[in-house]
Amino acid sequence: AAVELFNRKPAVKSLASVIGGGGGLVGGEPDPAAVAEFLRTAKGLDKTAIGELLGSHEGDALAVMHAFVASFDFHGGMDFDLALRSFLRPFRLPGEAQKIDRLMEAFAGRYCLCNPGVFSNPDAAYVLAFAVIMLNTDAHNPMMDTHMTRDDFIAMATSTEEGGGMDLRMLGTIFDRVSAEEIRMTDVERPGGRGGGGGGTPASATSLLSGSAAAAAGLLPTRRGLGGIVAGDVIVAADGARVASEGDLVSAVEAHQVGETIELTVRRGEGQGGDDNNVQELKLLVKLEAEGK
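Residues numbered from 1 in each chain as written. Predicted model: local features only at pLDDT ≥ 70, side-chain atom pairs only at ≥ 80, totals over all residues. Heavy atoms only, no water.

*Asks:* Mind showing me how you'd approach the packing of helix H6 (residues 80-88) against helix H7 (residues 97-114) here?
*Replies:* The relative placement of two packed helices is expressed as an angle between their axes plus a distance between the axes. One can describe the packing of H6 onto H7 by two numbers: an axis separation of 11 Å at closest approach and a directional angle of 125°. For the element pair H6 / H7, the angle class is oblique. Considering the relative orientation of H6 and H7, their crossing is right-handed. Each of Phe 80, Ala 83, Leu 84, Phe 87 and Leu 88 in H6 lies in contact with H7, whose residues at this interface are Leu 103, Met 104, Phe 107 and Tyr 111. Here the residues of the contact of H6 with H7 are counted per class, giving 9 nonpolar, no polar and no charged. (Axes fitted to C-alpha atoms, helices over the stretch in contact; angles between N-to-C directions. Helix = DSSP H or I, 4+ residues; strand = E, 2+ residues; numbered from the N terminus. Parallel < 35°, antiparallel > 145°, perpendicular 65-115°, else oblique. Left-handed = near helix turned anticlockwise from the far one by under 90°. Contact = heavy atoms within 4.5 Å. Nonpolar A, V, L, I, M, F, W, Y, C, P; charged D, E, K, R; others polar.)

*Asks:* Please explain the packing of aromatic side chains as it appears in this structure.
*Replies:* Under the definition given, this model contains 16 aromatic pairs. Between Tyr 111 and Phe 119 the ring centres are 6.0 Å apart and the planes differ by 65°, which places this aromatic pair in the edge-to-face class. The exposure class of Tyr 111 is buried, given its relative accessible area of 3%. Taking 6.0 Å as the distance between ring centres and 40° as the angle between the ring planes, the aromatic pair formed by Phe 153 and Phe 175 counts as tilted. Of this pair, Phe 153 sits in helix H9 (residues 150-157) while Phe 175 sits in helix H10 (residues 168-180), placing them 22 residues apart in sequence. Each member of the pair Phe 153 and Phe 175 is classed as buried. Put simply, the rings of Phe 68, Phe 72, Phe 74, Phe 80, Phe 87, Phe 91, Phe 107, Tyr 111 and Phe 119 pair up and form one aromatic cluster. (Phe/Tyr/Trp six-rings, centres within 6.5 Å; stacked < 30°, edge-to-face > 60°. Buried < 20%, exposed > 50% of the residue type's maximum accessible area, 1.4 Å probe, protein only.)

*Asks:* Teacher, can you tell me more about the pattern of salt bridges here?
*Replies:* For the coordinates displayed, the defined rule picks out 6 salt bridges. Of the charged contacts, one joins Arg 177 and Asp 79 as a salt bridge, the two residues approaching to 2.9 Å between their closest N and O atoms. Of this pair, Arg 177 sits in helix H10 while Asp 79 sits in the loop between helix H5 (59-70) and H6, and the two are 98 residues apart along the sequence. According to the relative accessible area criterion, Arg 177 is partly exposed, its value standing at 28%. Residue Glu 281 is joined to Arg 267 by a salt bridge in which the shortest nitrogen-to-oxygen separation is 3.9 Å. With Glu 281 in strand E8 (residues 280-287) and Arg 267 in strand E7 (residues 261-268), the pair connects residues that are 14 residues apart, well separated along the chain. Classification of Glu 281 by relative accessible area gives exposed; the value is 53%. The exposure class of Arg 267 is partly exposed, given its relative accessible area of 27%. (Salt bridge = Lys/Arg side-chain N within 4 Å of Asp/Glu carboxyl O.)

*Asks:* Teacher, can you tell me more about the sheet that holds E8 here?
*Replies:* As a general point, the strands of a sheet are linked pairwise by backbone hydrogen bonds and lie either parallel or antiparallel. What the 4 strands build is an open sheet, ordered E6-E5-E7-E8; its pairing is antiparallel. Among the strands making up the open sheet, the edge pair consists of strand E6 (241-242) and E8. Both strand E5 (residues 234-238) and E6 contribute to a ladder of 2 bridges, which runs antiparallel. Bridging from a neighbouring strand, Ala 237 pairs with Arg 242 of E6. (Pairing = 2+ DSSP bridges.)

*Asks:* Hey, could you run me through helix H8 (residues 122-139) in this one?
*Replies:* Owing to its 3.6 residues per turn, the α-helix aligns residues three or four sequence positions apart on the same side. The end-to-end C-alpha distance of H8, which contains 18 residues, comes to 25 Å, matching closely the 26 Å that a straight helix rising 1.5 Å per residue would cover. One side-chain oxygen at the N-terminal end of H8 lies 3.0 Å from the backbone nitrogen of Asp 123; it belongs to Asn 121. (Expected span 1.5 Å × (residues − 1). Polar contact = N/O pair within 3.5 Å; in protein donor to acceptor, adjacent residues only side chain to side chain.)

Rendered as structure tokens:
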């Protein structure tokens, strides 16, 4: 029951009965370390819900996020992109840029603590983490007309004073691996991307539909902007039914035949400037096409 409640409303207090029953209460509240362990090991938790909790700015959620990050062991010189893959595996990265920012900052700090000397400081690792997420979105999003080059990626990763001394060979290796094999942030397989790998991208469930069909309907993907990542449309309903995870969207799409139309309700503008007044809820009609069209 607690898992079902958490999947509907991701919050620390939703897990109080489960964590408390295991002796994980601190001052009447669930122990952050116990909640973090539960999020990593419990069966049936929705990965989107986990990501929403970890990206939250609420005090109890922040404590859980830091405990969650601290539970990863990146010692032994683990390659940066492999560490990031490991970190992202238990949850789906939220679509809001501010939430991505908090998680990447925490990841970078943990990686540097486990691997002193690889980066000049955590800020350099943070810039690279953000650049890797942007590369992953760019390389494996079928709606992107042009793709980031190796030089583009290296320039982005070294664009700040902190990143000026990064190992260029390391950056080239990261570019090649991420371009060839997508960092999967969902359990849904899909074709696409330069490497032909499966998986999703933050706030980019549009890839489950034909890229041309989604574009024709006006669906906006997560994309690069002058200020960094620009969050794309967040799909919240399909044919009037709530979409809480990418699996919900897959089910809605599979209920239709090629050539039929599905109505998507999307929220546009979330996580951009922190101003909820900029958020619009729109209904878009998408005509489903056969894969590869």
